[in-house]
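Next come the chains, spelled out residue by residue.
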Amino acid sequence: MSQLVDKPLIMANNMTDTITKPDMTTSNNAEPNNNVAGQSWFNRPIPGVKQQLTAPLSAVETEPSTKCSNCHSMITNTSLIFNSYVCPHCDHHLPMSARERLNWLLDQVNGELGQEFVAKDPLRFVDSKPYPARMAEAQEKTGESEALIVLYGKLRNLDVVTCAFDFRFMGGSMGSVVGDRFVQAAEKALEDKVPLVCFAASGGARMQEGLLSLMQMARTAAAIERLRIAGIPYIVVLTNPVYGGVTASLAMLGDIHLAEPKAMIGFAGKRVIEQTVRETLEEPFQRAEFLLEHGVVDEVVHRHQMIETIYRLLAKLSRMPNVDA
Ligand SMILES: [Zn+2]
């Protein structure tokens, strides 16, 4: 402790050559040095008031960092990216943006689909803000034009079409553009006869589009049915959280449902159900592990094993030789 206190004193004394250096053996309980000529009034110690302890800034404090929402430790963004956004202290899976997610999965990106679709405001919906203003805000915040991103390319030696929801974009809600993009992704998979992988993260249908957003449930379900008839694999990865109309359509119609650890997955939220059934629902209700026990999810996969798992499943479903499922 004495080292931490001595450092600012030495720095202060270096400002005036006439001042003798304090005895290095003094502890932080020592009387403050009153020989302070030349010090600014702001840094000047006040008799009887202990000096504030100042430690040198650690690497975490000087680098851009993110706070883990589970264990509250600070993690540098660089180490977070290298660790696939998994907390190195408590293994908590932090959220990933849609584009980061797909770039992380794919070894080669050959193109993007659906950027020509633009959301309209047929209901002229206004809550606390008009819908176009809310869209503009979400676009500025995320740098994306909508809540679903579709990229196609290669996962190792497999051609694949992938899509991912961006939860930061109006809660990953499914409006007509999200539906358009998903259907286009399914049609591309159908045309090229390659598998479709979807990372779901959504609060449900987009209320600002009313009935049009609910229609996307039927549209996406119909597109998935066409994939099923053609024998094209469709894998869903449920990430935290997936709710509402997305759970009730494209997120629960996969050939295989993988989930990230502790992801919250359901239709209605826990509080709504508690108020309806008048019971308290304990943890891990609606968590991925709970749903695995009850047969809704096929496997809970750690993010570090996710790419390998998806690859092996797709290779097996595509009947590639020499791959263990
Ligand atoms: Zn943590």
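Every chain is numbered independently, its residues counted from 1 as its sequence is written. Side-chain atom pairs in this predicted model are given and counted only at pLDDT of 80 or more, local residue features only at pLDDT of at least 70, and totals for whole chains, interfaces and linings cover all residues.

**Observations regarding the overall build of the protein chain**
For the record, the criterion: Segments assigned H or I by DSSP are reported as helices when at least four residues long, segments assigned E as strands when at least two residues long, and all are numbered from the N terminus. Counting other C-beta atoms within 10 Å of a residue's C-beta gives its exposure: the residue is buried at 20 or more, exposed at 12 or fewer, and partly exposed in between, where C-beta atoms are placed from the backbone. Residues are defined as contacting one another if the C-beta atoms placed from their backbone atoms lie within 7 Å.
Summing up its helical and strand segments, the protein chain has 11 helices and 9 strands in all. The buried share among the 325 residues of the protein chain stands at 33%. In the protein chain, once contacts between residues fewer than 6 apart in sequence are set aside, the share between residues at least 24 apart is 65%.

**Focus on helix 7 (residues 210-230)**
Inclusion rule: To estimate how far a helix should reach, multiply one less than its number of residues by 1.5 Å. Comment: arc refers to directions from the helix axis out to C-beta atoms.
Look at helix 7: 32 Å from first C-alpha to last across 21 residues, which is about the 30 Å you get at 1.5 Å a residue. Buried residues of helix 7: Ser213, Gln216, Met217, Thr220, Ala223, Ile224 and Leu227, and no others. Taken end-on, helix 7 shows its buried residues confined to a sector of 140 degrees, consistent with a single buried face. Every exposed residue of helix 7 that faces more than 90 degrees away from the buried side is listed here: Leu211, Ala218, Ala222, Glu225 and Ile229. The first or second residue beyond helix 7 is Gly231, which carries a positive phi of 75 degrees.

**Some remarks on the sheet that holds strand 9 (residues 299-300)**
As a reminder, the rule being used: Two strands are counted as paired when DSSP detects at least two bridges linking them. Note on definitions: angles span 0 to 180 degrees between N-to-C directions of axes, and those axes are lines fitted to C-alpha atoms, for helices only across the stretch in contact.
Here we have 7 strands laid out as an open sheet, ordered 3-4-5-6-7-8-9, and mixed in their pairing. In this open sheet, the two edge strands, each paired with only one partner strand, are strand 3 (108-113) and strand 9. Of the pairings in the sheet, the one linking strand 5 (residues 158-165) to strand 6 (residues 196-202) comprises 4 bridges and is parallel in character. Its bridge partner lying in strand 6, Ala164 is registered against Phe199. Along the sheet, helix 4 (residues 98-105) makes contact with strand 3, strand 4 (148-155), strand 5 and strand 6, crossing strand 5 at roughly 160 degrees.

**Describing the pairing of strand 4**
In the case of a regular strand, side chains alternate between the two sheet surfaces. In terms of burial, strand 4 is a largely internal element, 6 of the 8 residues being buried. Here strand 3 pairs with strand 4 via 5 bridges, running antiparallel. Each residue of the ladder has a partner; that of Gln108, found in strand 4, is Lys154. As defined by bridge partners, strand 4 adjoins strand 5 across 8 bridges and the pair is classed as antiparallel. What sits directly across from Lys154, in strand 5, is Asp159.

**Details of the pairing of strand 7 (residues 234-242)**
Quick reminder of the rule: Crossover handedness is defined by viewing with both strands directed away from the observer: a clockwise path from the first strand over the helix to the second marks the crossover as right-handed.
Of all 9 residues in strand 7, 8 are buried; the element is thus mostly enclosed. One ladder, built from 6 bridges, connects strand 6 with strand 7; its direction is parallel. In the sheet register, Cys198 faces strand 7, and the bridge partner there is Val236. A crossover links strand 6 with its parallel partner strand 7, the connecting element being helix 7, and its sense is right-handed. Across 4 bridges, strand 7 lies against strand 8 (residues 256-259) in parallel orientation.

**Digging into the packing of helix 6 (residues 176-192) against helix 7**
Here is the rule we go by: By definition in this entry, angles of less than 35 degrees are roughly parallel, angles greater than 145 are roughly antiparallel, angles of 65 to 115 are roughly perpendicular, and the rest are oblique. Throughout this entry, Asp, Glu, Lys and Arg are counted as charged residues, while Ala, Val, Leu, Ile, Met, Phe, Trp, Tyr, Cys and Pro are counted as nonpolar. The remaining residues, Gly among them, count as polar.
In contact at an axis separation of 9 Å, helix 6 and helix 7 are set at 5 degrees when each is read in the N-to-C sense. In terms of their interaxial angle, helix 6 and helix 7 are classed as roughly parallel. Listed contacts from helix 7 to Ser176, Val178, Gly179, Phe182, Val183, Ala186, Ala189 and Leu190 of helix 6 are Leu212, Ser213, Gln216, Arg219, Thr220, Ala223, Ile224, Arg226, Leu227 and Ala230. Tallied by class, residues from the contact of helix 6 with helix 7 come to 11 nonpolar, 5 polar and 2 charged.

**So, unusual backbone geometry**
The amide bond that connects Asn240 to the next residue, Pro241, takes the cis arrangement and shows omega of -10 degrees. Summarising the element assignment, Pro241 is placed in strand 7. In this structure, the amide linkage connecting Glu283 to the following residue, Pro284, adopts the cis form with an omega of 0 degrees. Of note, the phi angle at Met170 is positive, near 50 degrees, even though the residue is not glycine. Of note, Met170 is situated in the loop between strand 5 and helix 6. Among the residues examined, Met170 registers 26 C-beta atoms within 10 Å and is labelled buried.

**A look at the environment of Ile224**
With respect to the secondary-structure elements, Ile224 resides in helix 7. Classification of Ile224 by C-beta neighbours within 10 Å gives buried; the count is 24. In this structure, Ile224 is in contact with Ala186, Tyr234, Leu250 and Leu253, ignoring residues within four places of it in sequence.

**Focus on the nonpolar core**
Nonpolar side chains tend to gather and get buried jointly when the protein is soluble and globular. Using the following cut-off: Here, a nonpolar core means buried Ala, Val, Leu, Ile, Met, Phe, Trp, Tyr and Cys residues linked by C-beta atoms lying within 7 Å of one another.
Among the nonpolar cores identified, the biggest contains 63 residues, and Phe165, Ala185, Leu196, Ala200, Ile235, Val237 and Leu238 are the most heavily contacted of them. If we ignore the near neighbours within four places in the chain, the residues touching Ile235 are Pro195, Val197, Gly254, Asp255, Ile256, Leu258, Ile310, Leu313 and Leu314.

**With respect to the confidence of the model for the protein chain**
We apply this condition: Scored from 0 to 100, pLDDT reflects the predictor's confidence in each residue.
Mean pLDDT over the protein chain: 86, with 83% of residues reaching 70 or higher. Across residues 1-32, confidence stays below pLDDT 50; counting only partners more than four residues off in sequence or on other chains, it has 29 contacts.

**Structural notes on the environment of Thr66**
Residue position: Thr66 is located in strand 1 (residues 65-67). Residue class for Thr66 comes out partly exposed when judged on the 15 C-beta atoms lying within 10 Å of it. C-alpha separation for the pair Thr66 and Thr78, spaced 12 residues apart in sequence, amounts to 9.9 Å. Once residues within four sequence positions are removed from consideration, Thr66 is found in contact with Ile75, Asn77 and Leu80.

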